[in-house]
Each structure stands twice: as C-alpha cells, then as structure tokens.
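What follows is each chain in one-letter form.
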Amino acid sequence: GAEVLFSVDCTKLKDYFSAGKREFDCIYFNFPHCGRKAGVVKNRELLAHFFHSSAEVLAEEGEIHVALCNGQGGTPADQPRREWHNSWQIVAVAAGAGFILSDVQPFKAETIHGYKCTGYRSQDKSFCVEGALNHIFTRSTPLLCLTPMSCRIQLQSQNISFQVPQVLVDKINRGFLAPNSNHPVRTVKEKLTAGLSQALPLQSTDSCLSLLHQGHLRGVCPSRVFWITLSPEETPSTEEMSHRLANAVLFSPVDFCQGTDKNVQEGCHSPKQFCLRPSLLPHAQAITQEGAILPGTLHVLSGPVFRKCLISPHSLPVFHEMLIVSAVNRGTESSCIQMLVNNIQTTIHSLHQTDNKPNISLQEATSSETTQLNDFAAFECQLSKIQYFICTDTDPPGSCVGTVRTSQELISSELVVVFASLNLDLLAMLLCGISDWRMLWTWDTRFLQQFPRGELRLFKSFSLYPPSYVHDISFWVPHGEPFDEVAFHTIARGVSGEMVISIQLRDTFQQVGTGRSSLCYRLTFQSCDRALSCREAAEMQLRFREQIHQHLGVTLR
C-alpha cells in the first residue's frame, strides 16, 4: 500500500512531491555519501543541502533520521570519537537549516526487515555498520528577534513606562510563579511553602511587590544593577489600565546607563533614579517596619529579581527569589534559623529525583570557604551583612542557594528579625538535573511538557551536543579609565540573546611609550535549546564589536 519513488534527489525533495504530500512525519537517510572517495567536506555539503531540502517537506513536529557509520557524526556519542575537523560535523550542519539533534540511537540493521547494507564506494558490496548511529533531528524554535519594548506600570498613583534593558526583554512578565503555571520554579516554591507552613503559620506575598527600586542600594556596586529611566504618561481609563497591567507590553534598545564610571559620576544612581529590583530584601524590610510581621509567624515574599553578572552556567541575570521573614525573641534566632534550614533540607530531599540526595548545610559567612561561593552569594554580601550561607554539596562545589541574615533594629529591642533568602532557580536546576540556567527560560514547549503540574522530574534535554563557535576580540581600552567587565559581559548577553556561554581573558598588553592597554578576550557561542549556525554566531560577533565600540568607548584592533 506504499508509494515508492525512484531517482529522488535528496537536495530537491519538494520537486518530487505535490503541495498536499509535503508534510512528512519522518524522513530517513541511511548512510548518506557522495560516492567514490568523496572527502568529509563534500559529504558535509551533501548533508547541508539535504537538511535545507527536508525543511521544506517535513511536518512541523516531524523527525529526520540520519544513520552514519561510527565516527562520522563527530559527536560524543561516537566511540571512538574522531577529531572535529575530520568528521562530518552533522549537528553544526543541521543547525544551518534550523534543526537540533534530539536523540541518538544505535543503528541495528538486523531489526529492519529486508534491509541490506550495500553500496560500498558505489559498488554492490556491503560495508561495516558496527557501531553505526541513528541521529534523530527535530525543528528548533527560531532565534528570537528582540524588538524594542517597554513596560507600563502604575507607580505612586501615576502611570509611567520604562525601557526594559535588551538582555531582559524576553524575561519580563513570563509568569513562572503564576497560579496556573507548571514551571518547575513554581513547583519548588509551592513545595517549600507547604513544608514551612507545617512548622509555623504562614502568609505569602507575591503580586503586589513593585518591580522597581528607587535610589541606590547602600553597599551594592552601581554597575551590578539595571538602571532605568521613567517616562510619565497620560492617565488612561481604569479599563485601559487594567488591560495594560494584564498585558504589559515590553520595549528597549540596550540601556547602557548601567553603572559605568561615567554614568556613576553623572548621577545615574541618584535618589530620583530607579533600577529593576535586585532583591526582595528592601520590600521585606519595609513590611517589617510597618509592623506587618508578627512573632511566631512566617512571611514569605517571592518574585523575579534582576542583577548584572559575569557570564557562567550558574550566574543568573534574573532569577526568582523566595524570601522568608520571621520575628523571634532575642536569643532564639539560632534555633529559628536551624529550624528553617532543617525544614528546607527535608523538603529538598523529598523532591530530589535521584538516590544521591544533596546535603543542605549552613556555612558561616566568616568562613575562609566563602571565596569559593557563586555570584548569587557574592551579590548578597553587598546587600547587607550575612550570618550564614545555605549551601549544597553538589557541583559546583560549595554552591550557595540561599542566605540568612538578621536585624535587631526593625521592630523592637526584644525582637530579632530573621531573613532567609532562597534562589528558586538554582534549586530547580539542582532538583531536576538542569545544567544550564538558560533552559529555565526557553520558549520551546518541549521543556514544560516534561513537568506536569505540581511535579518535578529529571529533565531530559531535547538538544544534544549543540555546536559551539569560538571568536576572539581585541581592543584598546580608553586611557586612564578602568575597564567595566560586567558591562562588557552584559553587552555580550544582549547582542547574542544569551548565546555566549563563556568569555575568557586571553591576553593583556601595554604599549611602551603611550601606556595604552589592550585586552584580548575569547567568546564561545552556544545555544542550549535552539539551532545556532556558524553564520549566525559570526553575525553576533560583528554586532558585539559594534556595540562595545559604541557604548564602552574601546578602539577595536
């Protein structure tokens, strides 16, 4: 009952099928080869044309299966693995047509009825398929086009809008903590809240907290926060305002009033200036001073916070913070802190998906090991004095997922207020086996499909062995001015849509006579969830060169 076509050119598939027959669920190409002694370059070209051709006839959720001999693909699944330049580089080739590698399986000829391995060097002769692999590709979500956006809110009875920094355009108003969300970050928060409510009465605050903080946070480096400028608007009707708040529209070119020395000198962090909230601690302190925190109860605040940071797999420019506040009698704060940590550890153990349960421990902030803590902990130290870090014994070593601090001045001389802050995103990564924070923010529906409402499961990546591309950049820095590395990393985040995974300083040079300094950095581009081609990475590198010249005043070499 099947229709069979012969002499089909795999690089022009749409020419052989009418428009109504182009939605194939699966396309198989077993052991493609140009014939004779074609080298790896010609076979890469064959695959590139094949993938582009397949994109025109494949169903939206269809699959492409390509079987290759052992070593040809150039992925870690090949054993032994060939050198990259001597392989067919199949994942990078497929990325050029918008496909990602979603699975790799052993190719078993014996399970395919009637299949015979022939065609060795265009002869009627079998070839070895021992160790051969079947590579399964699916469509990638397209690269995001981050158009300028703005956010409109009501602040002190006035309707205002503000520009959203480019690096955050796709992360504002995602609703991960909304009541109908099945995102693992919300599930972690729900489970922790349920566990804490068994110990003490609990009150939760989420939606009424402002995204903005006015003025400078004492102790926090101005270059570590996202400064914004407010624009007053005409007062809309109540109906229009409700619609705006429910459907906040976003906007922004890159906002580089973000803490360079020049901006600081010009008053970028004056009391009239606003920044996106880097912490929920000021909100909690304000609520406490208003007398809303009663002894013997827990008050929980949660929501996204925004911090500039250097690029790394565990440094998050935006994450969801859960802040637990409790007022206790002086002298009992230690037992309260231990109770909170024990409760958190019990909940984490009950949620962890493997037998190797992580150990949650308190680490004193005065410990010599604090130098090994992550960016989250380092920023927390800037906010106010930390008594303890809440750490895990998992990779990376000494990973901090929370902090504990106390205050004796907010309520009365008899009471001490305990603030325990948790990074819900890092906890979700720990519990679900997610190695890259960017996956939490993917727009690909295959991520959330793995997490039923209220359940945590081990995450299985739908994009295996994504290709990476390395580009170097060198430049002269402005004479006499310190180089703002955080701003450098933030520009890289913005122009690449978070596709730069590593920035390494490779070399420094000081010119004799002039004293000018030159820096050389190596950028590695890689996506965790989308197809990224060599050409797209090169275009990002060019935009990055333009942006750092324009906004950091460097002279490119």
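A few points on the structure. Here the structure is a predicted model, which is why all the values come from computation and not from measurement.

The secondary structure content of the chain amounts to twelve helices and 21 strands. Taking all 557 residues of the chain together, 50% fall into the buried category. Taking the intrachain contacts of the chain between residues at least 6 apart in sequence as the baseline, contacts between residues at least 24 apart amount to 73%. Surface summary for the chain: the accessible area is close to 26700 Å², and the carbon and sulfur share equals 50%.

The next subject is the pairing of strand S6 (residues 158-163). Strand residues, when the strand is regular, have side chains that alternate between the two faces of the sheet. Where strand S5 (residues 150-155) meets S6, six bridges bridge the pair, whose relative direction is antiparallel. Within S6, the position partnered with Gln 154 by the bridge is Asn 159.

Spatial strand order, S7-S12-S13-S17-S16-S15-S14: seven strands in an open sheet with mixed pairing. Two strands lie at the open edges of the sheet, namely strand S7 (202-205) and strand S14 (360-364), each paired on one side alone. Across this sheet, the average inter-strand angle for adjacent strands is 25°, counted without regard to direction. The sheet strands contacting helix H8 (residues 375-383) are strand S13 (318-329), strand S15 (388-392), strand S16 (400-407) and strand S17 (415-423), and the helix crosses S16 at an angle near 15°.

What the rule picks out here adds up to three cavities of 30 Å³ or more. The volume enclosed by the largest cavity comes to roughly 50 Å³. Around the largest cavity sit Arg 307, His 314, Ser 315, Leu 316, Phe 319, Asp 375, Phe 376 and Asn 423, which together line it. Its residues assigned to classes, the lining of the largest cavity comprises three nonpolar, three polar and two charged. If you go around the second largest cavity, the residues you meet are Val 91, Ala 95, Phe 99, Ile 100, Leu 101, Ser 463, Leu 464, Pro 466, Pro 467, Arg 530, Ala 531 and Leu 532. Ranked by residue count, the leading element in the lining of the second largest cavity is strand S3 (residues 99-106), at three residues. For the lining of the second largest cavity, the domains that each give at least three residues are domain 1 (13-139) and domain 3 (469-556).

Let's shift gears to the packing of helix H3 (residues 184-197) against helix H9 (residues 424-432). Running from N to C, H3 and H9 point in directions that differ by 100°, and their axes come no closer than 9 Å. Taken together, the axes of H3 and H9 are roughly perpendicular relative to one another. Where H3 abuts H9, its residues Pro 184, Val 185, Val 188, Lys 189 and Leu 192 lie against Leu 424, Asp 425, Leu 427, Ala 428, Leu 431 and Cys 432. Its residues placed into classes, the contact of H3 with H9 shows nine nonpolar, no polar and two charged.

Moving on, we come to the sheet that holds strand S1 (residues 24-30). Pairing is mixed across the open sheet formed by four strands, whose spatial order is S1-S2-S4-S3. Two strands in the sheet have a free side with no partner beyond their single neighbour: S1 and S3. Taking each pair of neighbouring strands and ignoring which way they run, the sheet shows an average axis angle of 20°. As judged from the six bridges shared by strand S2 (residues 58-68) and strand S4 (residues 133-139), these two strands associate in the antiparallel manner. Residue pairing in the sheet places His 65 in a bridge with Ile 136 of S4. Packing against the sheet, helix H1 (residues 40-55) makes contact with S1, S2, S3 and S4, and its axis sits at approximately 155° to S2.

Turning our attention to the pattern of salt bridges. Here the structure, examined in full by the defined rule, presents 13 salt bridges. Close ionic contact of Glu 190 with Arg 186 constitutes a salt bridge, the shortest N to O distance being 2.8 Å. Of this pair, Glu 190 and Arg 186 both sit in helix H3, separated by four residues, roughly a single helical turn. The shortest N-O distance in the salt bridge between Glu 380 and Arg 405 comes to 3.2 Å. You can see Glu 380 sitting in helix H8 and its partner Arg 405 sitting in strand S16, a full 25 residues away along the chain. On the basis of relative accessible area, Arg 405 is assigned to the buried category, the value being 3%. One network of salt bridges, with partners in common, ties together Asp 170, Lys 171, Arg 493 and Glu 498.

Take the side chain of Arg 44 next. Of note, Arg 44 is situated in helix H1. Among buried charged residues, Arg 44 stands out as having no salt bridge; its nearest opposite-charge side chain is Glu 45, 8.4 Å away. Here Arg 44 is in contact with Trp 84, His 85, Asn 86, Ser 87, Trp 88, Gln 89 and Val 93, once residues within four sequence places are set aside.

Every buried residue of H8 is listed here: Asp 375, Phe 376, Ala 377, Phe 379, Glu 380 and Leu 383. Residues of H8 that are buried in the fold lie against helix H6 (281-289), S13, S15, S16, S17 and H9.

Below, the discussion takes up the pairing of S2. Among the eleven residues in S2, eight count as buried, and that is most of the element. Here six bridges tie S1 to S2, and the two strands are oriented parallel to one another. In the strand pairing of S2, Phe 24 is matched with Leu 58. Of the crossover connections in this fold, the one passing from S1 over H1 to the parallel S2 is right-handed.

A separate point is the packing of helix H11 (residues 485-496) against helix H12 (residues 534-552). Between H11 and H12, the shortest axis-to-axis distance is 9 Å and the interhelical angle comes to 140°. Here H11 lies oblique to H12, going by the angle between them. Note that H11 runs across H12; the crossing there is right-handed. In this structure, H11 uses Ala 487, Phe 488, Ile 491, Ala 492, Val 495 and Ser 496 to contact H12, whose residues at the interface are Met 540, Arg 543, Phe 544, Gln 547, Ile 548, His 551 and Leu 552. Looking at the contact of H11 with H12, its residues break down into nine nonpolar, three polar and one charged.

Attention shifts here to the side chain of Gln 89. Inspection of the secondary structure assignment puts Gln 89 in the loop between S2 and helix H2 (90-95). For Gln 89, a relative accessible area of 15% puts it in the buried group. Those residues in contact with Gln 89 that lie beyond four places of it in its chain are Arg 44, Gln 72, Gly 73 and Trp 84.

With that settled, the discussion passes to the nonpolar core. Of all hydrophobic cores here, the largest spans 94 residues; its most connected members are Phe 162, Leu 168, Leu 192, Leu 212 and Ile 324. When sequence neighbours within four positions are dropped, the list of residues in contact with Leu 212 reads Ile 153, Leu 155, Ile 160, Phe 162, Ile 228, Leu 230, Phe 274, Cys 275, Leu 276 and Arg 277.

For the structure shown, the criterion picks out 20 aromatic pairs. With 5.5 Å between their ring centres and 40° between their planes, Phe 475 and Phe 483 make a pair best called tilted. For Phe 475, a relative accessible area of 0% translates into the label buried. The class of Phe 483 is partly exposed, set by a relative accessible area of 24%. With 6.0 Å between their ring centres and 55° between their planes, Trp 476 and Phe 509 make a pair best called tilted. Here Trp 476 is found in strand S18 (residues 469-476), whereas its partner Phe 509 is found in strand S19 (residues 500-510), with 33 residues between them in sequence. Here Trp 476 falls in the buried class, since its relative accessible area comes to 10%. Each residue in the set Phe 29, Phe 50, Phe 51, Phe 99 and Phe 137 is aromatic and connected to the rest through ring pairs, giving one cluster. Between the NZ or CZ atom of Arg 174 and the centre of the ring of Trp 443, over which it lies, the distance is 3.7 Å. One cation-aromatic arrangement involves Arg 516 over Trp 476; the distance from NZ or CZ to the ring centre is 4.1 Å.

Rules behind the numbers
Residues numbered from 1 in each chain as written. Predicted model: local features only at pLDDT ≥ 70, side-chain atom pairs only at ≥ 80, totals over all residues. Heavy atoms only, no water. Helix = DSSP H or I, 4+ residues; strand = E, 2+ residues; numbered from the N terminus. Buried < 20%, exposed > 50% of the residue type's maximum accessible area, 1.4 Å probe, protein only. Contact = heavy atoms within 4.5 Å. Areas by Shrake-Rupley, 256 points an atom, 1.4 Å probe, with all protein chains shown as cover. Pairing = 2+ DSSP bridges. Axes fitted to C-alpha atoms, helices over the stretch in contact; angles between N-to-C directions. 1 Å grid on protein atoms, 1.4 Å probe; cavity = no way out; pocket = protein on both sides within 12 Å on 5 of 7 lines; lining within 4 Å. Points joined across faces, edges and corners; volume = space filled by probe spheres on them. Nonpolar A, V, L, I, M, F, W, Y, C, P; charged D, E, K, R; others polar. Domains from an automatic or database assignment. Parallel < 35°, antiparallel > 145°, perpendicular 65-115°, else oblique. Salt bridge = Lys/Arg side-chain N within 4 Å of Asp/Glu carboxyl O. Lys, Arg positive; Asp, Glu negative; His and termini not counted. Right-handed = clockwise from strand over helix to strand, strands pointing away. Left-handed = near helix turned anticlockwise from the far one by under 90°. Core = buried A, V, L, I, M, F, W, Y, C linked by side-chain atoms within 4.5 Å. Phe/Tyr/Trp six-rings, centres within 6.5 Å; stacked < 30°, edge-to-face > 60°. Lys NZ or Arg CZ within 6 Å of the ring centre and 35° of its normal.

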